[in-house]
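Chain by chain, the residues:
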Amino acid sequence: MGTLSTLFAPERIAVVGATERTGSVGRAITENLLADYRGETIPVNPRADTVCGVESYESIAAVPGVIDLAVVVVPPTIAVEVVREAATAGVENVVVITAGFSETGGEGAAREQELTAVADEFDLNLVGPNSLGIISTGVGMNATFGPDNALPGSISFMSQSGAFITAVLDWANDRDIGFRDVVSLGNKAVLSEADFIREWGDDEGTEVIMGYLEAIEDGEGFIEAAREVTKDTPIVLVKSGRTEAGARAASSHTGAIAGSERAYKTGLEQAGVLRVETVQDLFDFAGILNGQPLPERGDVAIVTNAGGPGVMTTDAVGDSSLSLASFSQETLDALTETMPEEANIHNPIDVIGDAGIERFETAIDHALKDDRVGCAVLLTCPTAVLDFDAFAERVVALQAEHETPMAVCLMGGDSTRAAATRLNSAGIPTYFDPARAVRSLDALWSYKQIREREYVPPKSFGVDRERAREILDAATERGQPQLGVEALDLLSAYGIQTPTGTVVDSPADAVTAAQDIGDPEVVMKIVSPDIPHKSDIGGVKVGVPLEDVYDAYEDLITRAREYQPDATILGVQVQELVARAEATETIVGMNRDPQFGPLVMFGLGGIFVEVLEDATFRVAPVSERDATAMLDEIKTAPLLRGARGRKPVDQQALAETIQRLSQLVTDFPEILELDINPLLATPEGATALDLRLTIDQ
């Protein structure tokens, strides 16, 4: 066990607030513990000599000997003091059942801060407050006020909703699904999902971690913990509250596309978590990960006695990341010799409806022998010639022989129940719907790939951090929360290529700046923190000849004034004209998520970024491997690789730009949003032509 070992394996538990009052939480917890807990249950109630037939103590300080766990069920007004008393008495583990903390408003939030301060002072392992409690079947402990204890098993389960736990336990008990540990997280004042992930990752009795979460406060800590644990222990989560509300408050392209749900999706993927959207998938995935070996490859064999359901299964494979196995000639020859002429020997194998157990077994055996098969779906419909119980026994024997992961579809009712029980007891999951079977095998394959990931730490580039700090500090001193192209030096300080240019505030200076660049034509852009989309108002002129620079300056200023008379105009940027032959406009950006921190985006840039939303994301810091992978993940990736005779762009330069931007926004947490758009990608490199960022002053 890990650092929370005594929380889940206490020898003595004190219930502070234990009572015999009918319908009370204190009574429910005390009775639950007395029913199954193999250790000592100690009621604490100053107004009772005994509770449920067990001697009661006036206070936790009055209890003789060591107490491993205190379960606090007292009014919120005295809960903090009770926790302090427990800590002073030497208790290291506390579960606060009591509600009335941050979930109730300002007064409750202040009370929760006091609770956290006590826990920090005494280094307490504290669950809750506002928690249903915890369960550990290893010691028979049901320290909850739920109606049922869990059955023993090897799945550990956490939930932010106590009601969800009671529903899950009721459902699981009906299906003989067991658990190792169960935790109601409550308000997570001290211990969070990351702490329990670490604990269960170290626990040899936990094979799968399952959870229901509504929010993750420390995204960075969660990713770090889950990334380490998923090397050996799969994590399957339902994350509710999917919303794009966060995007409404964003001012940049990246922020508008990101939103809170995007951050969760990206963060959970990087953490190696298998995220599901339904309770059914939560249990399906956890069940197959708990009972089946991982596939060596993602090729599926389907064996069925019904053509229609076989086609349904094939469609489900097409919707997944799996593929339909292509049998070897040896397998096809063996099936030809052993199957009737009417049977289909190609995948999916249809042994046809008159198949008895021997034919079914033979077909399955040949399929599982094939090295091209990584996993299998076995699908049966009721017939007069097939005994489901015998089928289950043969499948269990075949699994033991071949050790190939499989899922079984028993498409029937009462006649399949005994067979399903036999298969499930052997760790072979059963389903009615073929799509569920395929999704579950897909989860196995996904976790196989997660386990094989090798985490590569991000590079640290040599940069001019002092120069970047000067630029940001100067903006803060000016009271300027938004910066544009005038801050391109910020990118240069971090080694991101930018065109030669300067910001001027008069037409004469514009001419001088153009002459200094030394090219026959220049680019000119209005510079205003109040006009983010310059091209929409004609605020960008490309290919301006030297003789037209003076007039172009005045025209840009006039357009800006007409568009937004109260806008702050800093001037006009005069910039070298970067060759666009065979160039592709991309975007690299960042939106700082409250939970996960800097969310870095790469995608197709220019004016189409928000229209097409062809973008991919990573939580910073971004490694070279992840940056390179981002280039391949967008739908328009063929443009980067060279489509229709175009030369491929310098993808190494793009990947390095992503990494350098990641380092910049990691180094400076005051940068809230940032867009480099366009980041012009050419065969010779990548150049940032425009910039927009928002800083927290």
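For clarity, every value in this text was computed on a predicted model and none was experimentally measured. (Residues numbered from 1 in each chain as written. Predicted model: local features only at pLDDT ≥ 70, side-chain atom pairs only at ≥ 80, totals over all residues. Heavy atoms only, no water.)

Chemist: Explanation requested: the overall build of the chain in the structure shown.
Modeler: Scanning the chain from terminus to terminus reveals 24 helices and 33 strands. Taking all 697 residues of the chain together, 56% fall into the buried category. Contacts in the chain between residues far apart in sequence, at least 24 positions, make up 71% of those at least 6 positions apart. If you sum the accessible surface of the chain, you get close to 29,000 Å²; carbon and sulfur atoms cover 47% of it. Averaging the locations of the 52 positively and 111 negatively charged side chains of the chain gives two centres separated by 2 Å. (Helix = DSSP H or I, 4+ residues; strand = E, 2+ residues; numbered from the N terminus. Buried < 20%, exposed > 50% of the residue type's maximum accessible area, 1.4 Å probe, protein only. Contact = heavy atoms within 4.5 Å. Areas by Shrake-Rupley, 256 points an atom, 1.4 Å probe, with all protein chains shown as cover. Lys, Arg positive; Asp, Glu negative; His and termini not counted. Charge placed at Lys NZ, Arg CZ, Asp CG, Glu CD.)

Chemist: So what exactly am I meant to see when it comes to the sheet that holds strand β1 (residues 12-16) here?
Modeler: Two modes of strand pairing occur in sheets, parallel and antiparallel, and in both the strands are linked by backbone hydrogen bonds. Spatially, β2-β1-β5-β6-β7 is the arrangement adopted by the 5 strands of the open sheet, whose pairing is parallel. The sheet is open, and its two borders are formed by β2 (40-44) and β7 (125-127), each paired with just one other strand. The mean inter-strand angle of the sheet, taken between neighbouring strand axes irrespective of direction, is 20°. On the sheet, helix α2 (residues 25-36) packs against β1, β2 and β5 (69-72) and is oriented at approximately 165° with respect to β1. (Pairing = 2+ DSSP bridges. Axes fitted to C-alpha atoms, helices over the stretch in contact; angles between N-to-C directions.)

Chemist: What exactly am I supposed to notice about the nonpolar core here?
Modeler: One recurring pattern in soluble globular proteins: nonpolar side chains tend to sit buried together. Core analysis: the biggest nonpolar cluster contains 52 residues, and L7, I134, M141, M158, V183, F196 and F222 have the highest contact counts within it. At 5 residues, the largest contribution of residues to this core is made by helix α7 (residues 219-229). Beyond its immediate sequence surroundings of up to four residues, M158 is in contact with V183, L185, E193, F196, I197, W200, I209, M210, G211, Y212 and L237. Ranked by size, the runner-up nonpolar core spans 47 residues in total, among them Y212, V236, L274 and C375. (Core = buried A, V, L, I, M, F, W, Y, C linked by side-chain atoms within 4.5 Å.)

Chemist: Is there a simple way to explain the state of the cysteines in this structure?
Modeler: Disulfides are covalent bonds that link the sulfur atoms of two cysteine residues. In the structure shown here, the tally under the stated rule is 0 disulfides. The cysteine C409 is free of any disulfide, with C381 supplying the nearest cysteine sulfur at 9.1 Å. The exposure class of C409 is buried, given its relative accessible area of 0%. (Disulfide = S-S within 2.5 Å.)

Chemist: Explain helix α4 (residues 106-122) here, please?
Modeler: Three- or four-residue spacings in an α-helix give side chains the same orientation, since the helix completes a turn every 3.6 residues. For α4, built from 17 residues, the straight-helix expectation of 24 Å at 1.5 Å per residue is met to within 8% by its first-to-last C-alpha distance of 25 Å. Taken residue by residue, α4 has G108, R111, E112, L115, V118 and A119 as its buried positions. Down the axis, α4 shows its buried residues gathered within 115° of arc, on one side only. Away from the buried face of α4 by more than 90 degrees, exposed residues G106, Q113, D120 and E121 are located. Against α3 (76-88), β6 (93-96) and β7 lie the buried residues of α4. Just beyond α4, the residue with positive phi is D123, at close to 55°. (Expected span 1.5 Å × (residues − 1). Arc of directions from axis to C-beta.)

Chemist: Before we go on, may I ask you to explain the pairing of strand β11 (residues 155-159) in this structure?
Modeler: Remark: a regular strand shows side chains that alternate across the two faces of the sheet. Within β11, 5 of the 5 residues are buried, which leaves it mostly tucked inside the rest of the structure. Here β11 shows a buried face lined by I155, F157 and S159 and a second buried face lined by S156 and M158. Inspection of the sheet shows β11 paired to strand β14 (residues 208-213) by 5 bridges, in the parallel sense. Paired with M158 across the two strands is G211, which belongs to β14. In this structure, β11 lies alongside strand β13 (residues 181-184), joined through 3 bridges in parallel fashion.

Chemist: Before we go on, may I ask you to explain the packing of aromatic side chains in this structure?
Modeler: What characterises a pair of aromatic rings is the spacing of the ring centres plus the angle enclosed by the ring planes. A full pass over the atoms with the stated rule returns 11 aromatic pairs. Considering the side-chain rings of F164 and Y212, the 4.9 Å spacing of their centres and the 35° angle between planes classify their relative orientation as tilted. With F164 in helix α5 (residues 162-174) and Y212 in strand β14, the pair connects residues that are 48 residues apart, well separated along the chain. An aromatic cluster is built from F157, F164, W171, F179, Y212 and F283, whose rings are joined through pairwise contacts. In this structure, K239 packs its charged tip against the face of Y264, placed 4.2 Å from the ring centre. (Phe/Tyr/Trp six-rings, centres within 6.5 Å; stacked < 30°, edge-to-face > 60°. Lys NZ or Arg CZ within 6 Å of the ring centre and 35° of its normal.)

Chemist: Hey, could you run me through the packing of helix α11 (residues 307-318) against helix α16 (residues 434-451) in this one?
Modeler: Between two packed helices, what matters for the description is the angle formed by their axes and the separation of those axes. α16 packs onto α11 with a crossing angle of 35° between their chain directions and a minimal axis gap of 9 Å. You can see that α11 and α16 cross each other, and the crossing is right-handed. Residues P309, M312, T313, A316 and V317 of α11 pack against P434, A435 and V438 of α16. (Left-handed = near helix turned anticlockwise from the far one by under 90°.)

Chemist: Quick question: what am I supposed to make of α16 here?
Modeler: Compared with an ideal rise of 1.5 Å per residue, which puts 18 residues at 26 Å, α16 spans 26 Å between its outermost C-alpha atoms and is within 8% of the ideal. Counting buried positions along α16 gives 13 out of 18 residues, so the element sits mostly inside the fold. By the N-cap criterion, in which a side-chain oxygen at the helix start approaches the backbone nitrogen of a residue two or three places on, α16 is capped by D433, the distance to A435 being 3.0 Å. (Polar contact = N/O pair within 3.5 Å; in protein donor to acceptor, adjacent residues only side chain to side chain.)

Chemist: Whenever I open this one, unusual backbone geometry confuses me. Can you help?
Modeler: What you tend to see is this: most non-glycine residues have negative phi, and most peptide bonds are trans. Backbone torsion omega between N347 and P348 reads 5°, so that peptide bond is classified as cis. Within the secondary structure, P348 is located in the loop between α12 (329-338) and β19 (349-350). Backbone geometry places C52, a non-glycine residue, at a positive phi of 55°. Here C52 lies in the loop between β3 (50-51) and β4 (54-55). By relative accessible area, C52 is classed as partly exposed at 26%.

Chemist: Please explain the layout of surface pockets as it appears in this structure.
Modeler: Leftover empty space is mapped by rolling, across the atoms, a probe with the size of a water molecule. Considering only enclosed or pocket space, the second largest pocket measures out at about 1,000 Å³ in volume. Sort the elements by how many residues they give to the lining of the second largest pocket and helix α10 (residues 279-291) lands first, with 8 residues. Considering only residue class, the lining of the second largest pocket consists of 13 nonpolar, 15 polar and 5 charged. (1 Å grid on protein atoms, 1.4 Å probe; cavity = no way out; pocket = protein on both sides within 12 Å on 5 of 7 lines; lining within 4 Å. Points joined across faces, edges and corners; volume = space filled by probe spheres on them. Nonpolar A, V, L, I, M, F, W, Y, C, P; charged D, E, K, R; others polar.)

Chemist: Which parts of the structure should I look at to understand the sheet that holds strand β27 (residues 571-576)?
Modeler: If you trace the 4 strands from one edge of the open sheet to the other, you get β24-β27-β25-β26, paired in antiparallel fashion. Edge strands, defined here as strands with exactly one partner in the open sheet, are β24 (501-504) and β26 (540-545). Across the sheet, the mean angle from the axis of one strand to that of its neighbour is 25°, orientation sign disregarded. Pairing between strand β25 (residues 521-527) and β27: 6 bridges, direction antiparallel. Along β27, the bridge assignment pairs V522 with E576.

Chemist: When you look at the side chain of S184 in this model, what are you seeing that I'm missing?
Modeler: Inspection of the secondary structure assignment puts S184 in strand β13. Among the polar contacts made by the side chain of S184, one reaches the main-chain amide nitrogen of L132 at a distance of 2.9 Å. Beyond its immediate stretch of four places on either side in the chain, S184 contacts V127, S131, L132, G133, S159, G162 and I165.

Chemist: Is there a simple way to explain the confidence of the model for the chain in this structure?
Modeler: Close inspection of predicted coordinates is inappropriate for parts of the model with low pLDDT. The share of residues in the chain with pLDDT of 70 or more is 96%, and the mean pLDDT across the chain is 93. Within the model, the stretch residues 245-258 combines pLDDT values under 50 with 43 contacts to residues more than four positions away or in other chains. (pLDDT = per-residue confidence, 0-100.)

Chemist: Any chance you could explain the pairing of strand β32 (residues 685-688) here in plain terms?
Modeler: The alternating pattern of β32 places G685 and T687 and A686 and A688 on opposite faces, both of which are buried. Relative to β32, strand β31 (residues 671-682) is paired through 4 bridges, and the arrangement is antiparallel. Across the sheet, L679 pairs through a bridge with A688, a residue of β32. Counting the residues that bridge the hairpin from β31 to β32 gives 2 residues.

Chemist: Which parts of the structure should I look at to understand the pattern of salt bridges?
Modeler: When their charged atoms lie close together, side chains carrying opposite charge are able to pair. Going through the model one piece at a time under the given rule, you end up with 37 salt bridges. One salt bridge in this structure joins R111 and E107, with 3.3 Å as the shortest N-O distance. A residue pair is termed a helical-turn pair when its members lie 3 or 4 positions apart in one helix, as R111 and E107 do in helix α4 at 4 residues. Overall, E107 belongs to the exposed group, its relative accessible area being 62%. Note that D284 and R436 form a salt bridge whose closest N and O atoms lie 2.8 Å from each other. (Salt bridge = Lys/Arg side-chain N within 4 Å of Asp/Glu carboxyl O.)

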